[in-house]
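# An overview of the molecular structure
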Amino acid sequence: ARALGFAGLLPQTAAVAALALGAEGRFTIGVLGVTYAALILSFLGGAWWGLAARAENPPAWTWGLAVAPSLLALAAIGTVLSFR
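What comes next concerns the included structure. (Residues numbered from 1 in each chain as written. Predicted model: local features only at pLDDT ≥ 70, side-chain atom pairs only at ≥ 80, totals over all residues. Heavy atoms only, no water.)

To continue, consider the side chain of Thr-62. Structurally, Thr-62 can be placed in helix 4 (residues 60-82). Apart from residues lying up to four places away in sequence, Thr-62 is in contact with Trp-48 and Ala-52. (Helix = DSSP H or I, 4+ residues; strand = E, 2+ residues; numbered from the N terminus. Contact = heavy atoms within 4.5 Å.)

Below, the structure is given as structure tokens:
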């Protein structure tokens, strides 16, 4: 699990390296980097949702915590796309 966790950093690292090296398509690289991060955030929100759904009587804040990463991801994508 740890190796896969670190492997999940590769797309972000590649995007930052490409931008730092002045690669063509800066906007596309930025969108791909933010989109990947949004996918990861949505996955984390889904994990929280699953934990809350499995619990017999979960605290109310758990549901908000489960939805927050996806909303944050949507805001990040919207912010990046507004720069175009």
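Now that the structure has been shown, the text picks up again.
So, about the packing of aromatic side chains. In this structure the tally under the stated criterion is 2 aromatic pairs. With 4.6 Å between their ring centres and 75° between their planes, Trp-49 and Trp-63 make a pair best called edge-to-face. In this pair, Trp-49 sits in helix 3 (residues 26-54) while Trp-63 sits in helix 4, placing the two residues 14 residues apart along the sequence. Classification of Trp-49 as partly exposed rests on a relative accessible area of 43%. Owing to a relative accessible area of 30%, Trp-63 belongs among the partly exposed residues under this scheme. (Phe/Tyr/Trp six-rings, centres within 6.5 Å; stacked < 30°, edge-to-face > 60°. Buried < 20%, exposed > 50% of the residue type's maximum accessible area, 1.4 Å probe, protein only.)

Helix length check: helix 3 (29 residues) gives 42 Å between terminal C-alpha atoms against 42 Å at 1.5 Å per residue, within 8%. Among the residues making up helix 3, those that are buried are Ile-29, Gly-33, Ala-38, Gly-45 and Ala-52. Those residues of helix 3 that are buried lie in contact with helix 2 (10-20) and helix 4. (Expected span 1.5 Å × (residues − 1).)

Just distances and angles here, no functional claims.
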